[in-house]
Amino acid sequence: MPAVRQLRPTTAHVDLAALQANFRALQARVGPKVRVLAPVKGDAYGHGAVQVAQALEAVGGDAFGVALVEEGAQLRDAGVRGLVLCLGGVGRHGAEEAVARGLVPVVYDEGDAERLDAAARAAGRRLPVHVKIDTGMGRLGVPLAQWERFLDRLAHFQALDLDAMMTHFAESEVDDDTYTREQLRRFRQAVAGARARGFVPRMLHVANSGALLRHRESWLDMVRPGIALYGEPPVPAPELRPVMRVTTDVLFVKDLPRGASVSYGRRWVTTRPSRIATLPVGYADGYPRALTGKAEVLVQGRRCPVVGTVCMDLCMADVTDVPAPVESGDEVVLLGGEGPDRIGADVLAGWAGTIAYEVLCGFSERIPRRHVPAASA
Ligand SMILES: Cc1ncc(COP(=O)(O)O)c(C=O)c1O
């Protein structure tokens, strides 16, 4: 985006005080002996990784999770000092950069381990690594059947320190906890196997938000709650507050007679004389086209339906029933609000047929993030 001051009204407000309060609430839940790693991958789920990490450091956060080496480097460039864990590993090309930046890699692949060992030796350092075991997510992690062989290989990489062992749950947020318990059982068994071979991990960590909120036995030494930290927990947690709010202003208002069609494809036709507000937000902003015919926005605190096809840069809302006449420049809430009419990320996600994570990450770079500073930390 060109470097001009913000002219458009559409804004994602990121409440750093709420973020800090959520961090403290999650830390309080798990107690002082359990470390809380803040996942800030995906630009902190769309909230702005650097601002989020800095706000959390101010309240004692000292561990951050990124997906990519590049994301870790961005944190280091901004002066973030804590543990930066590369959850996705470092890939074929990231070993030297990870070592140079003081990032801690997650390791699950022999080739990666070899490259990291070489990079650490070249830098004259020992490198802490977190080894990931696949206990049933089927994504990243050493498959259980290869665990012993992997440990044997790891023992040869003298520059690598096995600092932690970890795994990731596939469905820790669901009511039926059978699979989560089975994953945890497999994890404990794999760790016991490693200990029996002389490995001494200093930390064990497995819990994402769902596990933190539902499975106390999964807390171990460190938890990794992402979506809960951003105030959109996958299971109810009343102490957590939403961090992001997205608003825009009405761009244009018109009164249409009965029988007038709105937007591409003429999918929506007025059934009464209607006041229609055009909003300067569309799918290029991450307001998905899949919201067509489903979404609502808040105008003067009242839910109004988004009508007609959501366009690339614009969409329309029927504001006929809003009591005070809606004018160009009036504020419209796309994500946020209070009470039963609140439009949470889960609500937007339900309308769009996706999940809260994708809604939050999906707000594009074209929507400026306005970080509302915390009072004093
Ligand atoms: C390895 C790992 N840990 C923790 C998290 C955080 O998950 P959640 O946002 O569900 O808490 C993620 C996110 O996908 C992850 O990949």
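The structure presented is a predicted model; accordingly, all values stated were derived computationally and were not measured. (Residues numbered from 1 in each chain as written. Predicted model: local features only at pLDDT ≥ 70, side-chain atom pairs only at ≥ 80, totals over all residues.)

Quick look at the packing of helix 1 (residues 16–30) against helix 3 (residues 49–57) now. Two packed helices can be described by the angle between their axes and the distance between those axes. Between helix 1 and helix 3, the shortest axis-to-axis distance is 10 Å and the interhelical angle comes to 55 degrees. What the angle tells us is that helix 1 and helix 3 run oblique. Pair helix 1 / helix 3 crosses with right-handed handedness. Between helix 1 and helix 3, the residues in contact are Leu16, Leu19, Gln20 and Phe23 and Gln51, Val52, Ala55 and Leu56, respectively. (Axes fitted to C-alpha atoms, helices over the stretch in contact; angles between N-to-C directions. Helix = DSSP H or I, 4+ residues; strand = E, 2+ residues; numbered from the N terminus. Parallel < 35°, antiparallel > 145°, perpendicular 65-115°, else oblique. Left-handed = near helix turned anticlockwise from the far one by under 90°. Contact = placed C-beta atoms within 7 Å.)

The subject of this paragraph is the environment of histidine 156. With respect to the helices and strands, the residue histidine 156 is situated in the loop between helix 7 (147–154) and strand 9 (160–166). Taking the C-alpha atoms as reference, histidine 156 lies 9.5 Å from aspartate 117; in sequence the two are 39 residues apart.

What follows is about the domain arrangement of the protein. Split into domains, the protein comes out as domain 1 (16–223) and domain 2 (244–343). Using C-alpha coordinates to define each centre, domain 1 is positioned 42 Å away from domain 2. (Domains from an automatic or database assignment.)

Relative to the helices and strands, arginine 366 is located in the loop between helix 11 (356–362) and strand 21 (369–372). Between the alpha carbons of arginine 366 and valine 281 there is a distance of 9.8 Å; along the sequence they are 85 residues apart.

A word on the sheet that holds strand 12 (residues 244–249). With mixed pairing, 9 strands are arranged side by side in an open sheet as 13-16-19-18-17-20-12-1-21. In the strand order of this sheet, the two ends are held by strand 13 (252–256) and strand 21, each with one partner. Each strand of the sheet is rotated relative to its neighbour by a mean of 35 degrees, with strand direction disregarded. Sheet analysis places strand 17 (residues 296–299) next to strand 18 (residues 302–307), joined by 4 bridges and oriented antiparallel. In the sheet register, valine 297 faces strand 18, and the bridge partner there is cysteine 304. (Pairing = 2+ DSSP bridges.)

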